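Spelled out, the chains give:
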Amino acid sequence: MEGNYDDEPTLQLRDMDSRDLPREKLQRLGRTALTDEELIAIFLRTGIHGCNVLELAARLKRAAGSLSALGRMEARQIADCCKGIGMAKAATLAAVFELGHRALKEELEDEDMTIPRIVYDYLGPELHFAPEENLVVLLLNAQRRLIRRCNIGKGTLTRVLAHPRNIYREAVIHNACSIVMVHNHPSGDPAPSKPDLELTAQVAEAGKIIGIPLKDHIILGAEVVGKLPYYSFKDNHRLS
């Protein structure tokens, strides 16, 4: 929760040049000219007592930790993280970020899904706050583009329950040329566990027999400065 901001200077919007107000600035210069706070302010619409909408937007971004962290939050989390953000404002922001995520996913679906960073950008925003492990399999065509996404199962905080036959059933039905296996670690640490290593070996062996190779197993974690937020078995030479 945000602290006490009574000592912060309050910028009066009425003292600003009307052309520099967020909506007017967007109309005049285009959306890329606005700061993160100005864009957020457009959707918040109004501030609260003693805090104008631009300051409220700045507080919210600061409370979330970053714009990307804010974009992954559900409405209730947005409302809880910053005093003055009610459910109506929080729901509006959550809906806006979700539209952005869906637009990005549409673009990414036409990218090479054997590239770990592409997979992280595709599934990370959705699975980042999941309280348990989720196993997802991406079915790919000959050009390594997405045919279909399959949600295989959910597990405990330490492992997801899965079996190679469940993973390959959909791949066979939809004539996939290869697959990428993806799951998240709610702890935020993407390093593979012993069960992760065992499942990967089993699925890779099954893929060789069936003729639908496992291109990668990617574990999604949290964003930490200086570290990758995912672990790729392929990039770490644990898949032949």
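Placed above this text is the structure.
Conventions adopted
- Residues numbered from 1 in each chain as written.
- Predicted model: local features only at pLDDT ≥ 70, side-chain atom pairs only at ≥ 80, totals over all residues.
- Heavy atoms only, no water.
- Helix = DSSP H or I, 4+ residues; strand = E, 2+ residues; numbered from the N terminus.
- Contact = heavy atoms within 4.5 Å.
- Areas by Shrake-Rupley, 256 points an atom, 1.4 Å probe, with all protein chains shown as cover.
- Buried < 20%, exposed > 50% of the residue type's maximum accessible area, 1.4 Å probe, protein only.
- Axes fitted to C-alpha atoms, helices over the stretch in contact; angles between N-to-C directions.
- Parallel < 35°, antiparallel > 145°, perpendicular 65-115°, else oblique.
- Left-handed = near helix turned anticlockwise from the far one by under 90°.
- Nonpolar A, V, L, I, M, F, W, Y, C, P; charged D, E, K, R; others polar.
- Disulfide = S-S within 2.5 Å.
- 1 Å grid on protein atoms, 1.4 Å probe; cavity = no way out; pocket = protein on both sides within 12 Å on 5 of 7 lines; lining within 4 Å.
- Points joined across faces, edges and corners; volume = space filled by probe spheres on them.

Comments concerning the overall build of the chain
For the chain, the count of helices and strands is 9 helices and 5 strands. Reading the helices (α) and strands (β) of the chain from amino to carboxyl end gives α-α-α-α-α-α-α-β-β-α-β-α-β-β. C-alpha atoms of the chain, sized along the principal axes, occupy 70 × 35 × 30 Å. Long-range pairs, those at least 24 residues apart, make up 58% of the contacts in the chain with a sequence separation of at least 6. Element-wise, carbon and sulfur atoms account for 52% of the exposed surface of the chain, whose accessible area totals about 13,300 Å².

Topic: helix H7 (residues 116-127)
By the burial criterion, the buried members of H7 are Pro116, Ile118, Val119, Tyr120, Tyr122, Leu123, Gly124 and Leu127. Of the surrounding secondary structure, the elements contacted by the buried residues of H7 are helix H6 (87-108), strand E1 (134-140), strand E2 (146-154), strand E3 (178-184), strand E4 (214-220) and strand E5 (230-232).

Some details on the packing of helix H2 (residues 36-44) against H6
At their nearest, the axes of H2 and H6 sit 9 Å apart, and the two run at 125° to each other. Overall, the two elements H2 and H6 adopt an arrangement that is oblique. You can see that H2 and H6 cross each other, and the crossing is right-handed. Across from Ile40, Phe43 and Leu44 in H2, the residues of H6 making contact are Lys89, Thr92, Leu93 and Val96. Within the contact of H2 with H6, the residues separate by chemical class into 5 nonpolar, 1 polar and 1 charged.

Notes on the state of the cysteines
Under the counting rule described, the total for this entry stands at 0 disulfides. With no disulfide partner, Cys177 has as its closest neighbouring cysteine sulfur the one in Cys150, 14 Å distant.

Digging into unusual backbone geometry
Non-glycine residue Arg45 carries a positive phi angle of around 75°. Along the chain, the position of Arg45 falls in the loop between H2 and helix H3 (53-64). Phi angles above zero are rare outside glycine, and Asn175 is one such case at about 55°. Along the chain, the position of Asn175 falls in the loop between helix H8 (164-173) and E3. For Asn175, a relative accessible area of 62% gives the class exposed.

Brief notes about the layout of surface pockets
Its volume calculated, the largest pocket comes out at about 610 Å³. The wall of the largest pocket is formed by 23 residues, among which Leu67, Gly71, Phe97, Gly100 and His101 lie closest to the centre. It is H6 that provides the largest number of residues to the lining of the largest pocket, a total of 6 residues. Grouping the constituent residues of the lining of the largest pocket by class yields 12 nonpolar, 5 polar and 6 charged. Space inside the second largest pocket adds up to approximately 340 Å³. Taken together, 15 residues make up the lining of the second largest pocket; nearest its centre are Glu74, Glu98, His101, Pro125 and Glu126. For the lining of the second largest pocket, the element with the highest residue contribution is H6, accounting for 6 residues. The residue makeup of the lining of the second largest pocket, split by class, is 6 nonpolar, 2 polar and 7 charged.

Shape descriptors only; they carry no functional weight alone.
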